[in-house]
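Survey of secondary and tertiary structure
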Amino acid sequence: MPENTAAEDLVVVRNLRKTYGATVAVDDVSLSVRSGEIFGVLGPNGAGKTTTVESIAGLRTPDSGTVRVAGLDPHTHRGEITALIGVQLQASELPDKIKAREALQLYASFYPEPRDPAELLELLGLTKVQDTPFAKLSGGQKQRLSIALALVGNPRIAILDELTTGLDPQARRDTWELVRTIRDTGVTIILVTHFMEEAENLCDRIAIIDGGRVVALDTPAGLVDAARSEQRITFRLSGALADETVLTSLAAVSTVSTDNGRFVVTGNDDVLVAVVTTLAAHGLTPIDLHTEQTTLDDAFLLLAGRNFEGAN
Amino acid sequence: MSQTLSLTRIESKLFVRDWTGLFFVFVLPLGLLTIFSLIGGDNPNPDDGIPPSFLPTMAIGIGIALLGMATLPMILAGYREKGVLRRLSTTPVKPVKLLVAQLLLHLVAAALVIGVILGAGALFFDAALPSAPLPFVVAAALYSIALLSIGLLIAALVSTAKAASVVGNILLFPSMFFAGVWTPGDVMPESIRWLRDVTPMGAGMTSMQDAWSGQWPGTVSLIALVVAIAGCLAVAARFFR
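What you see is a predicted model, and the numbers here were worked out from it, not measured in a lab. (Residues numbered from 1 in each chain as written. Chains lettered and ligands numbered in written order. Predicted model: local features only at pLDDT ≥ 70, side-chain atom pairs only at ≥ 80, totals over all residues. Heavy atoms only, no water.)

The next thing to look at is the overall build of chain B. Within chain B, the secondary structure is distributed over 10 helices and 0 strands. Listed by position from the N terminus, the elements making up chain B come as α-α-α-α-α-α-α-α-α-α. Relative to the 2.2 N^0.38 estimate, which gives 18 Å for 241 residues, the radius of gyration of chain B is 18 Å and therefore close to what a compact globule would have. In terms of overall dimensions, chain B has C-alpha extents of about 60 × 35 × 30 Å along its principal axes. Looking at chain B residue by residue over its 241 residues, the buried ones come to 50%. Restricting the contact set of chain B to residue pairs at least 6 apart, pairs at least 24 apart contribute 76%. Each charge sign in chain B was given a centre, from 14 positive and 11 negative side chains, and these centres are 28 Å apart. (Helix = DSSP H or I, 4+ residues; strand = E, 2+ residues; numbered from the N terminus. Rg over C-alpha atoms; globule rule 2.2 N^0.38 Å. Buried < 20%, exposed > 50% of the residue type's maximum accessible area, 1.4 Å probe, protein only. Contact = heavy atoms within 4.5 Å. Lys, Arg positive; Asp, Glu negative; His and termini not counted. Charge placed at Lys NZ, Arg CZ, Asp CG, Glu CD.)

A few words on the side chain of Thr52 of chain A. Residues and elements named next belong to chain A. If you trace the backbone, Thr52 turns up in helix 1 (residues 49-56). Within polar-contact distance, the side chain of Thr52 engages the backbone oxygen of Gly48 at 2.7 Å. Excluding its chain neighbours within four sequence positions, the residues that come into contact with Thr52 are Leu16, Val26, Val29 and Ile209. (Polar contact = N/O pair within 3.5 Å; in protein donor to acceptor, adjacent residues only side chain to side chain.)

Below, the discussion takes up a nonpolar patch on the surface. All names here are of chain B. A cluster of nonpolar side chains, Trp19, Phe23, Phe24, Val27 and Leu28, forms an exposed patch at the surface whose accessible area comes to about 500 Å². Residue placement: Trp19 occurs in helix 2 (residues 19-40). Looking at Trp19, the relative accessible area reads 59%, which means it is exposed. (Patch = residues over 30% accessible without salt bridge, like charges linked within 9 Å, V, L, I, M, F, W, Y side chains within 5 Å. Areas by Shrake-Rupley, 256 points an atom, 1.4 Å probe, with all protein chains shown as cover. Salt bridge = Lys/Arg side-chain N within 4 Å of Asp/Glu carboxyl O.)

A word on helix 7 (residues 161-178) of chain B. Residue and element names in this part refer to chain B. Between its terminal C-alpha atoms helix 7 stretches 26 Å, which fits the 26 Å expected from 18 residues at 1.5 Å a residue. Every buried residue of helix 7 is listed here: Ala164, Gly168, Leu172, Ser175 and Met176. Each buried residue of helix 7 sits inside an arc of 90° when the element is viewed along its axis, so together they form one side. When the buried face of helix 7 is taken as reference, the exposed residues oriented beyond 90 degrees from it are Lys162 and Ile170. Where helix 7 is buried, its residues contact helix 3 (54-82), helix 6 (133-157) and helix 9 (200-212). Within two residues after helix 7, Gly180 carries a phi angle of roughly 80°, on the positive side. (Expected span 1.5 Å × (residues − 1). Arc of directions from axis to C-beta.)

Residues and elements named next belong to chain B. Along the polypeptide, Val198 turns up in helix 8 (residues 193-198). The exposure class of Val198 is partly exposed, given its relative accessible area of 35%. Linking Val198 and Ile223, residues 25 residues apart in sequence, is a C-alpha distance of 8.3 Å.

Now for the pattern of salt bridges. Going through the model one piece at a time under the given rule, you end up with 18 salt bridges over all chains. The salt bridge involving Lys49 of chain A is made with Glu162 of chain A; its shortest N-O contact spans 3.9 Å. With Lys49 of chain A in helix 1 and Glu162 of chain A in the loop between strand 6 (157-161) and helix 6 (169-184), this pair connects stretches of sequence that are 113 residues apart. The same class applies to Lys49 of chain A and to Glu162 of chain A, which are both buried. Where Arg17 of chain B meets Glu102 of chain A, a salt bridge forms, and the shortest distance between an N and an O atom there is 2.5 Å. Of this pair, Arg17 of chain B sits in helix 1 (residues 2-17) while Glu102 of chain A is found in helix 3 (residues 100-108), placing the two residues in two different chains. Classification of Glu102 of chain A as buried rests on a relative accessible area of 4%. Connected through shared salt-bridge partners, Arg17, Asp27 and Arg213 of chain A make up one network.

This paragraph deals with the interface of chain B and chain A. Between chain B and chain A, the residue contacts involve 20 residues of the former and 25 residues of the latter. Between chain B and chain A, roughly 2,200 Å² of surface is buried when both sides are summed, and carbon and sulfur atoms account for 55% of that area. In terms of surface lost to chain A, no three residues of chain B exceed Lys82, Arg87 and Thr90 of chain B, which account for 34% of the buried area on that side. Connecting chain B to chain A are 5 salt bridges. Residue Arg86 of chain B is joined to Glu54 of chain A by a salt bridge in which the shortest nitrogen-to-oxygen separation is 2.4 Å. At the boundary of chain B and chain A, one finds 11 residue pairs in polar contact (both at pLDDT 80 or more). Looking at the side of chain B that touches chain A, the elements that each hand over two or more residues are helix 1, helix 3 and helix 4 (84-88) of chain B. Considering only residue class, the side of chain B that touches chain A consists of 8 nonpolar, 6 polar and 6 charged. (Buried area = accessible area lost by both parts, 1.4 Å probe. Nonpolar A, V, L, I, M, F, W, Y, C, P; charged D, E, K, R; others polar.)

Okay, helix 10 (residues 219-239) of chain B next. Helical geometry: 3.6 residues make up each α-helical turn, so side chains three or four residues apart lie on a common side. Its 21 residues place the ends of helix 10 of chain B 30 Å apart at the C-alpha level, agreeing with the 30 Å of an ideal helix rising 1.5 Å per residue. Buried residues in helix 10 of chain B make contact with helix 6, helix 8 and helix 9 of chain B.

Quick look at the nonpolar core now. Residues and elements named next belong to chain B. Membership of the largest hydrophobic core comes to 59 residues, with the highest contact counts inside it found for Met58, Ile60, Ile62, Leu67, Phe136, Leu147 and Met201. For this core, the secondary-structure elements that each account for two or more residues are helix 2, helix 3, helix 5 (96-124), helix 6, helix 7, helix 9 and helix 10. Considering each element in turn, this core owes the most residues, 14 residues, to helix 3. Aside from chain neighbours lying at most four places away, what touches Leu147 is Ile64, Ala65, Gly68, Met69 and Pro200. (Core = buried A, V, L, I, M, F, W, Y, C linked by side-chain atoms within 4.5 Å.)

One widely used convention gives an interface's size as the accessible area the parts lose upon coming together. Segmenting chain A into domains produces domain 1 (9-224) and domain 2 (231-293). Domain 1 of chain A and domain 2 of chain A are separated by 43 Å when their C-alpha centres are compared. (Domains from an automatic or database assignment.)

What follows covers the sheet that holds strand 12 (residues 262-267) of chain A. All names here are of chain A. The 4 strands are arranged 11-12-10-13 in an open sheet whose pairing can be described as antiparallel. The sheet is open, and its two borders are formed by strand 11 (253-259) and strand 13 (286-292), each paired with just one other strand. Within this sheet the neighbouring strands show an average axis-to-axis angle of 20°, counted without direction. By the bridge criterion, 5 bridges tie strand 10 (residues 231-237) to strand 13 in an arrangement that is antiparallel. Among the inter-strand pairings, Arg232 is bridged to a residue of strand 13, identified as Glu292. The strands touched by helix 10 (residues 271-281) within the sheet are strand 10, strand 11, strand 12 and strand 13, with strand 10 carrying the most contacts at an inclination of about 25°. (Pairing = 2+ DSSP bridges. Axes fitted to C-alpha atoms, helices over the stretch in contact; angles between N-to-C directions.)

Before going further, it helps to examine the pairing of strand 5 (residues 85-88) of chain A. All names here are of chain A. What you see with strand 5 is no split at all: Ile85 and Val87 on one side and Gly86 and Gln88 on the other are buried throughout. With 4 bridges connecting them, strand 5 and strand 6 associate as parallel partners. Residue pairing for strand 6: Gly86 is matched across the bridge by Ala158.

What follows is the structure in structure tokens.
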């Protein structure tokens, strides 16, 4: 590869851009996935997560930018890529009457070196329902079968898109455990999700995507640390502040917003002192001042620039 | 090729498991043959110009029309609607192989419909078999391919199974009308009889009737079938995603 990437980078995406008509699905995404990790792609709906992973799988042609999977261009090397990457797509069903075992045997016949369907049924806890038609499986069983189909070609990389959406909490936790088991068998996993909890629990590293851009890429612990170092203060003012840039231009301040006349300011450890002294210099006093402990939700609000709740 | 074969095997199993499809494709034509043979068998009106081959060709025509205008487009549009084709596109198999598998199994089903009607007619109702076997095979094959091409065209243009079923029904009833299902032989007004020779279902049934009476089917009907096949496949290939 011409790019100076680490040897263990299995997937490298550089400046990916994809538009559908006037809609910019992915603006500018760069990331790399290391061999053997569970890599999270986290963001609200419409952030460009699915388009990004579909480009990695070769299902979409980027407008610009490059994607390399094990050094190959997924679009021009479709044949190799389909054997290299197993994909569990969002909202991809099977014919109603096909049995779990039949589906796995059928998909196994598509690949040069498939995994043993019986072994996969066992691994995914589907042996008991192997003769049940797809339409009669529970949501969790359908999802597990879908994961099995993504793995049956013996891929090096598995892309799992929103795999726990619509599952109950227990089924969700079981699925997480399963994903860890699969990773332990040597499969690199790219997990697309809009659940923070899922990404935090499962992923080695997370790329947070919003508005078609990567706004943060770190380990879950790193993201939380970054968020915890943020201070958040709220207050009212004794008078009117003519110009908000007085605050936003301060080095210690990262965001300023107002909520019902109440100022909400976030920044680093020095934010409190910087804000209070600056306001005093303008003859203003903060009233009813609070400093708040940052939560993980605040971290995502901070990183993505908006709340995640609307996404569910 | 082995991928196409394993797809055809599974798709055939799924086809057989759907009893509503089987009922309409096999039992309905057989029922029509039985009922009309029983009520009209003794008293064919010699003056209405309805050949004895009308009844079996109508039964065959309807069975195959249901394969082309109902089951094939509904299955394929349903696969697109549910993301089955999309999932397939993530594997080394091209989704076109699924189309080939469905076409193969629908051709086999069409052959079975013909076999069932010919067999039941000969066994239970003393009906004659087609007296020109080769022309009959040619006519039946062209008719089957033409109707399945219509099915592919519908599947290419709609995005849900429900839409496929609506479009199929909208096409099926006028097709049956113009094929003279309700106005066989001389009962159909002379001014619109030409439609019977050129609409796919009419051309197919007329061709099979010609072969039944020992002749090669009329050129107009054969050309009409070939044009229907070429036109439908061209448009379907252009729009199928």
